[in-house]
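Chain by chain, the residues:
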Amino acid sequence: MAKNVLAAATLAVALLAGPAAAQKAQDTLRIAFGDPISTTDPYIDPKPETSLTSDAIYDKLFMYLSATREFKPVLAKSWKQVSPTVLEVQIREGVTFHDGKELTADDVVYTFNYLTDKKSKLRFGRNWAWIKSTEKTGKYSVRITSKRPTPFAMARLATGTGIFPKHLHSTFKNRGEFGRKSAVGSGPYKVEYVDASKGIKLVRNEAYKSPGPWRPKPGIKTIIIKPIPELQTQIAQLITGGIDVILAAPKDQTEQLAQSPTVSSTAIANTVYQYVNLDAAGRSDLKALKNPDVRRALFMAINRKSLAENVLAGGKLVKLIDAPCTQSQFGCKASVKPVKFDKKAAKALLAKAGYPNGFALDITSIPGSHETAAAIAGQLRAIGVRASVSRLTFGAYRKKQGAGKLQMLAANFSSGGLPDVSSVMAFYQAGPRDYWRSKEMKTYRNKGAAEMDPKKREAIYDAAFSHLNKNAYLLPLMTKPAVLVHSASVTMPNSSSLFAGVEFYNISWKK
Amino acid sequence: MTHFLTRRLLIALLVAFTVSIVGFALLRLSGDLAAVLAGEDASAEDIARIARQYGLDRPFYVQYFDWLFNALRGDLGNSLFTHESVWEMITSRLGVTVTLAFASLFFGLLIAIPLGVLAAVRANTWVDRGSLFVAVMGQATPNFWLALILIYVFGVWWRGATVLGVRLAEIKIFGVQLSGLPISGGDSWLHFVMPVITLATFVMPAVMRITRTGMMEVLSSDYVRTARAKGLSPTKVLFKHSLRNAILPVVSLAAVQLGFLMSGSVIVESIFALNGVGYLAFQSIIRIDFPVVQSILVILACSYILLTLFADMINAKLDPRVRLE
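Residues take numbers from 1 onward in each chain, read along the sequence in its written order. Lettering of chains starts at A and numbering of ligands starts at 1, both following the order in which they are written. pLDDT decides what is reported in this predicted model: residues at 70 or higher carry local features, side-chain atom pairs at 80 or more are listed and counted, and totals for whole chains, interfaces and linings draw on all residues regardless.

### Some thoughts on the overall build of chain A
Working step 1: Helix and strand assignments follow DSSP, with helices taken as H or I runs no shorter than four residues and strands as E runs no shorter than two, numbered in order from the N terminus. Assigned secondary structure in chain A consists of 16 helices and 20 strands.
Working step 2: Every radius of gyration here is taken over C-alpha atoms, with the globule rule written as 2.2 Å times N^0.38, N being the number of residues. Compactness check: chain A gives a C-alpha radius of gyration of 24 Å against a globular reference of 24 Å for 511 residues, within 12% of the reference.
Working step 3: The principal-axis extents of the C-alpha atoms in chain A amount to approximately 70 × 65 × 40 Å.
Working step 4: For chain A, the residues scored as buried account for 55% of the 511 residues in total.
Working step 5: Within chain A, residue pairs in contact and separated by at least 24 positions form 71% of the contacts whose partners lie at least 6 positions apart. Put simply, a residue is buried when 20 or more other C-beta atoms lie within 10 Å of its own C-beta and exposed when 12 or fewer do; between those, it is partly exposed, and each C-beta is set from the backbone. With C-beta atoms placed from the backbone, a contact is any residue pair whose C-beta atoms sit within 7 Å.

### With respect to the interface of chain A and chain B
Working step 1: Each partner contributes residues to the interface: chain A has 44 residues there, and chain B has 41 residues.
Working step 2: Going through the elements one at a time, helix H1 (2-14), helix H8 (231-239) and helix H14 (394-402) of chain A are the ones with two or more residues in the side of chain A that touches chain B.
Working step 3: The element that contributes the greatest number of residues to the side of chain A that touches chain B is H14(A), accounting for six residues.

### A look at the packing of helix H9 (residues 222-229) of chain B against helix H10 (residues 234-246) of chain B
Residues and elements named next belong to chain B.
Working step 1: Contact geometry of H9 with H10 gives a least axis separation of 11 Å together with a crossing angle of 150°. Relative to H10, the element H9 lies roughly antiparallel. Crossing hand, H9 versus H10: right-handed. Note on element contacts: H10 touches H9 through Val237, His241 and Ser242, opposite Val224, Ala227 and Arg228.
Working step 2: Residues are grouped as follows: Ala, Val, Leu, Ile, Met, Phe, Trp, Tyr, Cys and Pro are nonpolar; Asp, Glu, Lys and Arg are charged; all remaining types, including Gly, are polar. Across the contact of H9 with H10, the residue classes break down as three nonpolar, two polar and one charged. Inter-axis angles, ranging from 0 to 180 degrees, are taken between N-to-C directions of lines fitted to C-alpha atoms, where helices are fitted over the stretch in contact. Throughout, the term roughly parallel applies to angles under 35 degrees, roughly antiparallel to angles over 145, roughly perpendicular to angles from 65 to 115, and oblique to all others. Handedness of a crossing is defined here by the sense of rotation of the near helix relative to the far one, left-handed for an anticlockwise turn of less than a right angle and right-handed for a clockwise turn.

### Some points on the sheet that holds strand E12 (residues 263-268) of chain A
All names here are of chain A.
Working step 1: We call two strands paired when DSSP finds no fewer than two bridges between them. Taken in spatial order, the seven strands of this open sheet run E8-E9-E10-E1-E11-E18-E12, and their pairing is mixed. In this open sheet, the two strands that pair with only one neighbour each are strand E8 (189-195) and E12.
Working step 2: Across six bridges, strand E1 (residues 28-33) lies against strand E10 (residues 222-227) in parallel orientation. Within E10, the residue paired with threonine 28 across the bridge is threonine 222.
Working step 3: Helix-sheet contacts for helix H3 (residues 48-57) involve E1, E8, strand E9 (199-204) and E10, and the interaxial angle to E8 is about 135°.

### Side note on helix H3 (residues 44-53) of chain B
Every α-helix carries 3.6 residues per turn, so stepping three or four residues along brings you back to the same face.
Residues and elements named next belong to chain B.
Working step 1: Burial in H3 covers these residues: Asp46, Ile47 and Ile50. One face of H3 carries all of its buried residues, which in axial projection span an arc of 100°.
Working step 2: Buried residues along H3 sit against helix H2 (33-38).
Working step 3: The positive-phi residue at the C-terminal boundary of H3 is glycine 55, with phi of around 70°. What the arc covers is the set of directions going from the helix axis to the C-beta atoms.

### Some remarks on H3(A)
Residue and element names in this part refer to chain A.
Working step 1: Counting buried positions along H3 yields ten of ten residues, so the element is predominantly enclosed.
Working step 2: Within the span of H3, buried status applies to Pro48, Glu49, Thr50, Ser51, Leu52, Thr53, Ser54, Asp55, Ala56 and Ile57.
Working step 3: Those residues of H3 that are buried are in contact with E1, E8, E9 and E10.

Remember, this is a structural readout, not a statement about activity or role.
The structure is reproduced here in structure tokens:
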């Protein structure tokens, strides 16, 4: 009934083109954030919404184009890997921060030193822990030295490593205040206000010197980010013209909304994917999972194609994957594919493994994967496995994981947008998240993180993901594109280097 | 009076202390804060480093007393997730929650008390039955459902609806165009209309029933019979002599409900995107942002005590027989 009400409401208000036209005339785009942010600083509050906003404000040295799989310069003019541990970067001259001060090597050195300083108390400081030192070699040149050969260094610097103004950031005793009270960057948008109630207002930086068409001057003058936690409220605002963009909605509601002439949806490929993994190490009380045949049987019962078609929004961009990564990430390949869906064979294999009547299985899911977990539970019940789903918050899941109580986990992973599978390999290190205790995976992980030759690195990751599939430790499911539901007067690009959405400067009004 | 206030203050401190310990313990049990802070792909070393950096590897009692001693000196600390001052986070949001709470209580009482009086005066008639029906419906209606229905009717449907050939959004009353109510945000008083209606619906039923019960009891008492016999007007009997006595339990109830409105309006705040303390508390609990949750718990506990104290003082004013002991 709720769906019919939504459909009726959408169509009833569809004739109200007035609000959308008014916003286009004012050149103002309003985006709803379900998880409100109170800072633009991605180092202090590294969540998806902050990374989306900060990308528009703080330029990085480079960026990665997932469409063409290449690095492009932003603040950098050129760069050279002079040795496996030394990267030299030449910075563009004449780039200014939003307050007019020129950006120089001092700001780059300052930012990287801040990121690597243990006193900075950054939650994700490990992302830059590979940096040994950053030195200024000239007014517009820096040398970044890593502790050891770091093949993903460029990828990391291209992902969420915006440069901060030393003359402003260093003046804050509590550095966390910078992203709220100053928020000055060199990017295509500048901040007019950051307010916990009103949201964030970004205004086009008219003095922005675009490095190239990959990071152009924005088409839209003003962006207002509105905090609206409840999805139904966001939808009501969208169909009445109160906002222009929703970042995510469930598949059924996305499809229903897109039927309206005033609303569209755009799926955008990114680095997010869904997967399930099993307790192959026998840490939980379900020892059956130690048996590879049992694990294979469970994975054979999962119809990934059906999940891709029916659970996630995104249409053709929801693609089945053979490895726990997406094609835009370097090293994403598995010569040995996951087991094929075959319900009959799954049941037979389970019986052969000694479980003709199945067993009880707890599937843990985290936010973003609850629907997938519920669908998988249904598929497993078809082969006699009495699957139930425990929907947990992230904190509760981590606690359960650390306590060794996970049997099956259905989750999604974004790599933080990193276009390199090295972040995926972080799953296979020893510690509370290790449910495989696989020496081979640890070896692959360490080798891949140290190998600078791209071809050899690809071969290492291929072997790693093939090993995963052979032993049925983990079943990669499908990609989870970002699906933006927006006013029909807005045009969205269909690819993005950001996992949480789309670059603001690539959004434009429909002509 | 001094003795009464001193005793109440000591009780307040004891309650705040107990709430802070219980809240601290429950938060710790609800999840691994260091793992949450460190993120999905953190190694055991990363989590341990975060635990050291944030002092989460210290014994439970050390962490608690560290927070307590700082709080007593007025330093509520910073959010673990945004590094924002907890005091600033709470005070910047308190206005919205207090406005919502007081406005909801006011309108709830405005409807419930007259309805309760009417129901008592017309006991066992259709007026009484109707009032009880309204109270039961108010009590049974989940406030999240009501909030979404209000958004749909007054925020969405109204804008495109046509009734008897007239577009509702084009109707003007006293020169003001009824173009529908704003759906979310807190920029103007109009943004509070639907949230206040939602919460007033929560306040109204219990107040109405207690008023009705109290009035019925008082109206059948000897002194009211005497007042009628002396020839006093029905209005004077009702409002000067009866209501004043019947209202005493309502004052206490209103105080408790106000406390609940201030702490429990998280659903309404998130549906209507009102950036209040309720939603902040919800966000912080999910994230296990301990300094924020602790501070909100203690502040709300103290607010409850102050409200009940205030209610007792009003009751003493209304009924001279009540002594503050």
